[in-house]
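Each chain is listed here by its residues.
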Amino acid sequence: MKKRISFLASFFAVIALCLSLCACSHGATETDVWREAIYTENTEFGSGEKTVLVEVEAKDKSVTFTIHSDKKTLGEALVEHNLIEGEKGAYGLYVKKVNGITADYDKDQSYWAFCKNGESMMSGVDGAEFKDGEHYELIYTK
């Protein structure tokens, strides 16, 4: 009888441990995209005549980049400071990585939404003119 009780207690302890590890692992995957981030605080870049703000949002956190540049497009300015990476496609640059954080639609249906003043943009970052005083958002979306 003591062996059976000991076995059952061990069995339930192992089950509880497995469940807690699964819960912790799932939470880290969902909320820890910032682990890959290069910048975790607001940062300023460049020295050009024009200035834009680019807010990067992922899960429950965000940082704002103040970018000074004389580049023609936002995409050029972001690439210049290694803030985005992606693939050239038929419609321009498909942004896959922002601030070191990867969004991989093929893997987990995540992507980077591109907005201006809270409104979805109809062009990509390389089609957005770099105009003084503009405010853009790159939002990790899943």
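It should be noted that the structure appears before, not after, this text.
Read on for a plain summary of the structure.

About the cut-offs
Residues numbered from 1 in each chain as written. Predicted model: local features only at pLDDT ≥ 70, side-chain atom pairs only at ≥ 80, totals over all residues. Heavy atoms only, no water. Phe/Tyr/Trp six-rings, centres within 6.5 Å; stacked < 30°, edge-to-face > 60°. Buried < 20%, exposed > 50% of the residue type's maximum accessible area, 1.4 Å probe, protein only. Salt bridge = Lys/Arg side-chain N within 4 Å of Asp/Glu carboxyl O. Helix = DSSP H or I, 4+ residues; strand = E, 2+ residues; numbered from the N terminus.

Focus: the packing of aromatic side chains
Taken as a whole, this structure holds five aromatic pairs when the rule is applied. Pairing Tyr 39 with Phe 45 gives two aromatic rings, centres 5.2 Å apart and planes at 80°, and the pair type is edge-to-face. On the basis of relative accessibility, which here comes to 26%, the residue Tyr 39 falls in the partly exposed class. Residue classification places Phe 45 among the buried positions, given a relative accessible area of 9%. Taken together, the ring pairs connect Tyr 39, Phe 45 and Phe 65 into an aromatic cluster.

Notes on the pattern of salt bridges
A full pass over the atoms with the stated rule returns four salt bridges. Linking Asp 126 and Lys 88 is a salt bridge whose minimum nitrogen-to-oxygen distance equals 4.0 Å. A residue pair is termed long-range when its members are at least 10 positions apart, and Asp 126 in the loop between strand E8 (119–120) and strand E9 (135–141) and Lys 88 in strand E4 (residues 84–89) qualify at 38 residues. With a relative accessible area of 70%, Lys 88 lands in the exposed category. A salt bridge links Lys 116 to Glu 134; the shortest N-O distance between them is 3.2 Å. Here Lys 116 is found in strand E7 (residues 111–116), whereas its partner Glu 134 is found in the loop between E8 and E9, with 18 residues between them in sequence. Lys 116 sits in the partly exposed class, given a relative accessible area of 27%.

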